[in-house]
Amino acid sequence: MARGKLRIYLGAAPGVGKTYAMLSEAHRRIERGTDCVVAFVEHYGRPRTEVMLHGLEQVPRRELRYREGVFTEMDVDAVLARRPRVALVDELAHTNVPGSRNAKRWQDVEELLAAGIDVVSTVNIQHLESLGDVVESITGVRQRETVPDEVVRRADQIELVDMSPEALRRRMAHGNIYQPDKVDAALSNYFRPGNLTALRELALLWVADRVDEYLNEYRSEHQVSRIWGSRERIVVGLTGGPEGRTLIRRAARLAEKGAGGEVLAVYISRSDGLTSASPKELAVQRTLVEDLGGTFHHVVGDDIPAALLDFARGVNATQIILGSSRRKAWQYVFGPGVGATVARESGPDLDVHIVTHEEVAKGRGLPVARGARLGRARIIAGWMVGVVGPVVLAVVLNAVHLGLANDMLLFLTLTVAAALLGGLLPALASAAVGSFLLNYYYTPPLHRLTIADPKNIVAIVIFVGVAVSVASVVDLAARRTHQAARLRAEAEILSFLAGSVLRGETSLEELLERVRETFGMESVALLERRSDVDPWTCAGRVGTGPPPERPEDADVDMPVGDHMALALTGRVLPASDRRVLAAFAAQAAVVLDRRRLQEEADRARSLAEGNRIRTALLAAVSHDLRTPLAGIKAAVSSLRSEDVEWSEEDRAELLEGIEEGADRLDHLVGNLLDMSRLQTGTVTPLIREIDLDEVVPMALGGVPEDSVVLDIRETLPMVAVDPGLLERSVANLVENAVKYSPPGTPVLVSASAIADRVEVRVVDRGPGVPDTAKDRIFEPFQRYGDSPRGAGVGLGLAVARGFAEAMGGTLNAEDTPGGGLTMVLTLRGVESLHAPARLAEAERQTT
């Protein structure tokens, strides 16, 4: 079955007339005899839209119940059963009510299209998924109902329903879009002129890009190679040289003069990957063209003029901008140059601009790395084989005559061997010496530099030609091998560098050490200054010797921006190494910026934590300290009052209230002081060996009798703790457990030995804590659930964990089987404390 076709009416905002245009098209199709139905259209009380529904067949909607309400959605099954030729479906981005067949309406539309039904739908530009952030930044409203861009892009036809912001606001003011009670708010918020203008521009640009795609598809399908100047596109040819920035700015100015102008910067590299362009300069130019609203492209091609023209014709460009050649005058003997060739081959539909710049005729300035491709030992061996070898072979052949053909093959073998060992020059020398010896000793007339037989002339010429050809191939292969190995090494270095920096695994010093090792330098330093007149300072350095005071004092300096440079001392680097060094320098700046941002984030986090603790402490003081103080003050005032005669029972009750308030104050202030000690790191535990049954019972003095069941066996091993800190930790744990335990259900405090540690468990049968909150309850000033304000400031568990960690132990929360929470305090046993000393004593005795 053929898939149905999708037609979409796209608008910039609600009320521009998308639904009205869709219904008008339905009436036109019905007049032409097309079977057209309304699958889902909502008129929202707009009279003109409601009138357009008259005379159109509407498929009954499906009713759904959700949260005590009844909603209607498109009945996909009913539309499929009705099977019209065209179905109208409004609001493509709509989210269906839970319980519907599909989550989104565009998924319903996909089913209709798959069944061969044509669909006409509507959508606003703000509902496209890719534009969600842009629309939110413009209107301040995040669109929750979105449709994937690909769904809209796949539409067979997209028609823009456009309206000026002023006309749309007038329509809103007349009540043609929203109800009268919502008009003023809409005009003051979403429907402001600036919002509508920005949304309109988004819609126009999106549709223009889609039209551009249609045009490219048509040109590709019909193999149209000629340039159609439907839109001004300017291609900038970059070489990686400093003149590129001038060309990009010139292209941007030309693009601004024409409506919808577009700048495409292209850099063409050779297919073998060998290039002399500066990666740093290309990165700067790429950033520049993107900042100016253009795009950067990297194209591979050995024939630069042909590749540039193919690219320009492929993107339907109208102009090409090239810089005047940097070649010197004598270099034109090798050819007319890229600019002249492109201008000659461009044809009548493509304009070529040659822009002058400051680097004209100053030379390339970006040398290709040459140097030795073969080792010194191989070159010496090649010269020995190429020069001495033919002489030795001539002596041997004078004693043993093998004939001219065999003699020539032997000399050719020496030439090939010289090429394999030493490259081009030793092979050429071997060919020259060999041809001379062949002519003098083995070609009639002998011992004369003449040749009688013309066939021998041909043989010697072939011998020299083969020798030169083989030598050239070997030298070219050696050069390519050297260059490939170098590029591979550079790629590996840059890959490692980028990966480690992106993962945050490299510090500045590690990166500088990597630079020093890679280039074999004595020292590497990253220098920076605030402005052009400030002195240089060292942000980081590695290696021996003092760092240079200025980049100019170093053997190699690589600038990073205007006020930062990488300075290396040890040797001067060739130009080829500086390409990789530029990448290292850029990454060093990134690492330094990231380190400083991390330091600032840590300081901000520390300040925020301090502010949070101070705020919580003030809140605690303002309420939790005031409550017991108020109770004590009221009780004391009552006892001192001479107007009331208190009975002994009343006086005892008031005195008990004073005592309870004082105990609460003492406990509260103690926790605050302990927390301040933990925050400042001044807790110094006095570790000694002790039995648990000597400390844990003392921690139960602050809880009611019969509220705790103690199970501490005397056979447990001793623990290495600070008795005071352990008592406070257990007391806080028990007090917290008793507070949350149900009435009449005691808290169990037990202990057990596991390997070299001892675990103290405080078990309650309270409401428990979910896994997501088990770590949060140990943070300062945390109350779980609906704890009353007078229940404390939320420091008990934080102090308990802090004291446990100060003693080398741990404190964690677990679920109690059957319900509740279990606090597990793990302490070091005496055996584990003495284990390192016993191990050292055993090693000493063994020695």
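Just so we're clear, the structure is a prediction, and the values are computed from it rather than from any experiment. (Residues numbered from 1 in each chain as written. Predicted model: local features only at pLDDT ≥ 70, side-chain atom pairs only at ≥ 80, totals over all residues. Heavy atoms only, no water.)

A. Focus on the overall build of the protein chain. Each helix and strand in the protein chain was counted, giving 24 helices and 24 strands. Classification of the 847 residues of the protein chain by burial places 42% in the buried group. For the protein chain, contacts bridging at least 24 residues in sequence account for 70% of all contacts bridging at least 6. Just so you have it, the protein chain exposes about 45400 Å², and 55% of that area is on carbon and sulfur atoms. (Helix = DSSP H or I, 4+ residues; strand = E, 2+ residues; numbered from the N terminus. Buried < 20%, exposed > 50% of the residue type's maximum accessible area, 1.4 Å probe, protein only. Contact = heavy atoms within 4.5 Å. Areas by Shrake-Rupley, 256 points an atom, 1.4 Å probe, with all protein chains shown as cover.)

B. Representation of the nonpolar core. In this structure, Leu88, Leu112, Ile125, Val147 and Trp206 are the most contacted members of the largest nonpolar core, which totals 64 residues. When residues of this core are assigned to their parent elements, the largest contribution, 6 residues, is made by helix α9 (residues 193-221). Aside from chain neighbours lying at most four places away, what touches valine 147 is Leu92, Ala93, Trp106, Val123, His127, Leu128, Glu129 and Val152. Residues Val695, Val721, Val747 and Phe803 belong to the second largest nonpolar core, which totals 41 residues. (Core = buried A, V, L, I, M, F, W, Y, C linked by side-chain atoms within 4.5 Å.)

C. Examining the pattern of salt bridges more closely. One pass over the full model with this rule turns up 26 salt bridges. Among the salt bridges present, the one from glutamate 136 reaches arginine 142, with a minimum N-O distance of 3.3 Å. Judged by relative accessible area, which is 39%, arginine 142 ranks as partly exposed. Salt bridges sharing partners connect three or more residues here, namely Arg7, Glu25, Arg29 and Glu159. (Salt bridge = Lys/Arg side-chain N within 4 Å of Asp/Glu carboxyl O.)

D. Summary view of the pairing of strand β12 (residues 319-323). A large share of β12 lies buried, amounting to 4 of its 5 residues. Relative to β12, strand β9 (residues 233-238) is paired through 3 bridges, and the arrangement is parallel. In the strand pairing of β12, isoleucine 234 is matched with glutamine 319. (Pairing = 2+ DSSP bridges.)

E. Expanded view of the environment of aspartate 756. Position of aspartate 756 relative to the elements: it lies in the loop between β21 (747-754) and β22 (757-763). In this structure aspartate 756 comes out as partly exposed when scored by relative accessible area, which is 42%.

F. Highlighting the sheet that holds strand β15 (residues 537-543). Strands sit in the order β15-β14-β17-β16 across an open sheet of 4 strands; the sheet is antiparallel. Each edge of the open sheet carries a strand with a single partner, namely β15 and β16 (556-559). When the angles between neighbouring strand axes are averaged without regard to direction, this sheet yields 15°. Strand direction decides the pairing type here: strand β14 (residues 523-528) and strand β17 (residues 564-569), joined by 6 bridges, are antiparallel. By the bridge assignment, glutamate 528 is partnered in β17 with methionine 564. On the sheet, helix α18 (residues 508-519) packs against β14, β15 and β17 and is oriented at approximately 55° with respect to β15. (Axes fitted to C-alpha atoms, helices over the stretch in contact; angles between N-to-C directions.)

G. Spotlight on the sheet that holds strand β19 (residues 708-711). Across the sheet, 5 strands lie side by side as β19-β21-β22-β24-β23; this open sheet has mixed pairing. For this open sheet the edge positions go to β19 and β23 (810-815), each flanked by a neighbour on one side alone. On average, each strand axis in the sheet is tilted by 20° relative to the strand beside it, whichever way the strands run. Along the sheet, helix α22 (residues 723-740) contacts β19, β21, β22, β23 and β24 (821-828); its crossing angle with β24, the most-contacted strand, is approximately 170°. Contacting β23 and β24, helix α23 (residues 796-806) runs over the sheet at an angle of about 130° to β23.

H. Focus on the pairing of β23. The pairing of β23 with β24 spans 6 bridges and is classified as antiparallel. Among the inter-strand pairings, alanine 813 is bridged to a residue of β24, identified as methionine 823. The antiparallel hairpin formed by β23 and β24 contains 5 residues in its connecting segment, where glycine 818 sits at a positive phi of about 90°.

I. Looking closely at empty space enclosed by the protein. Scanning the model with the defined rule gives 1 cavity of 30 Å³ or more in all. There is about 40 Å³ of room inside the largest cavity. What lines the largest cavity is Ala12, Ala13, Val16, Met163, Ser164, Pro165, Leu168, Leu196, Leu199 and Arg200. Contributions of two or more residues to the lining of the largest cavity are made by α7 (165-173) and α9. Here the lining of the largest cavity takes 3 residues from α9, the largest share from any one element. Per-class residue counts for the lining of the largest cavity are 8 nonpolar, 1 polar and 1 charged. (1 Å grid on protein atoms, 1.4 Å probe; cavity = no way out; pocket = protein on both sides within 12 Å on 5 of 7 lines; lining within 4 Å. Points joined across faces, edges and corners; volume = space filled by probe spheres on them. Nonpolar A, V, L, I, M, F, W, Y, C, P; charged D, E, K, R; others polar.)

J. Inspection of the packing of helix α14 (residues 376-399) against helix α15 (residues 404-422) at higher detail. The contact between α14 and α15 brings their axes to 7 Å, and the two run at 165°. Regarding the angle of α14 to α15, the classification is roughly antiparallel. Note that α14 runs across α15; the crossing there is right-handed. Taking contact as the criterion, the partners of Arg378, Ile379, Ala381, Gly382, Val385, Gly386, Gly389, Pro390, Leu393, Ala394 and Leu397 in α14 are, on α15, Asp407, Leu410, Phe411, Leu414, Ala417, Ala418, Leu420, Leu421 and Gly422. Here the residues of the contact of α14 with α15 sort into 14 nonpolar, 4 polar and 2 charged. (Parallel < 35°, antiparallel > 145°, perpendicular 65-115°, else oblique. Left-handed = near helix turned anticlockwise from the far one by under 90°.)

K. Spatial organisation of the packing of aromatic side chains. The final tally for this structure, using the stated rule, is 2 aromatic pairs. A ring pair is formed by tyrosine 178 and phenylalanine 191, whose centres lie 5.8 Å apart and whose planes are at 85°; its orientation type is edge-to-face. Of this pair, tyrosine 178 sits in the loop between α7 and α8 (180-188) while phenylalanine 191 is found in the loop between α8 and α9, placing the two residues 13 residues apart along the sequence. The class of tyrosine 178 is partly exposed, set by a relative accessible area of 29%. Its relative accessible area of 1% is what places phenylalanine 191 among the buried residues. Taken together, Tyr178, Tyr190 and Phe191 form an aromatic cluster joined through their ring pairs. In this structure, arginine 48 is placed above the aromatic ring of tyrosine 20, and the distance from its NZ or CZ to the ring centre is 5.2 Å. (Phe/Tyr/Trp six-rings, centres within 6.5 Å; stacked < 30°, edge-to-face > 60°. Lys NZ or Arg CZ within 6 Å of the ring centre and 35° of its normal.)

L. Quick peek at the side chain of glutamate 759. Along the polypeptide, glutamate 759 turns up in strand β22. A polar atom in the side chain of glutamate 759 sits 3.4 Å from the side chain of arginine 761. Look past the residues within four positions of glutamate 759 in its chain and what remains in contact with it is Ser750, Ala751, Ser752, Ile754, Val824, Leu825 and Thr826. (Polar contact = N/O pair within 3.5 Å; in protein donor to acceptor, adjacent residues only side chain to side chain.)

M. Expanded view of unusual backbone geometry. Of note, arginine 83 is a non-glycine position whose phi angle comes to about 50°, a positive value. By secondary structure assignment, the location of arginine 83 is in the loop between α3 (76-82) and β6 (86-89). Judged by relative accessible area, arginine 83 falls into the partly exposed class, the value being 41%. At glutamate 91, a residue that is not glycine, the phi angle is positive and equals roughly 55°. Relative to the helices and strands, glutamate 91 is located in the loop between β6 and α4 (105-114).

N. Spatial organisation of the confidence of the model for the protein chain. Summary statistics for the protein chain give a mean pLDDT of 79 and a share of 80% for residues scoring 70 or more. When the elements of the protein chain are averaged for pLDDT, helix α24 (residues 830-846) gives the smallest value, 51, and β6 the largest, 95. Under a pLDDT of 50 for its full length, residues 363-372 has, in the predicted model, 15 contacts with residues more than four places off or in other chains. (pLDDT = per-residue confidence, 0-100.)

O. Region of the structure containing the environment of asparagine 439. Tracing the sequence through the fold places asparagine 439 in helix α16 (residues 424-442). Remark: the alpha-carbon pair of asparagine 439 and isoleucine 457, spanning 18 residues in sequence, is separated by 9.0 Å.

P. Highlighting the side chain of aspartate 75. By the secondary structure assignment, aspartate 75 is in the loop between β5 (69-73) and α3. Look past the residues within four positions of aspartate 75 in its chain and what remains in contact with it is Pro60, Arg61 and Arg62.

Q. A look at the environment of leucine 692. Residue position: leucine 692 is located in helix α21 (residues 692-695). When the C-alpha positions of leucine 692 and leucine 726 are compared, they lie 9.3 Å apart, and in sequence the two are 34 residues distant. Ignoring sequence-local partners within four residues, the contact set of leucine 692 consists of Pro697, Ile712, Leu716, Val719, Leu726, Ala751, Val758, Val760 and Leu827.

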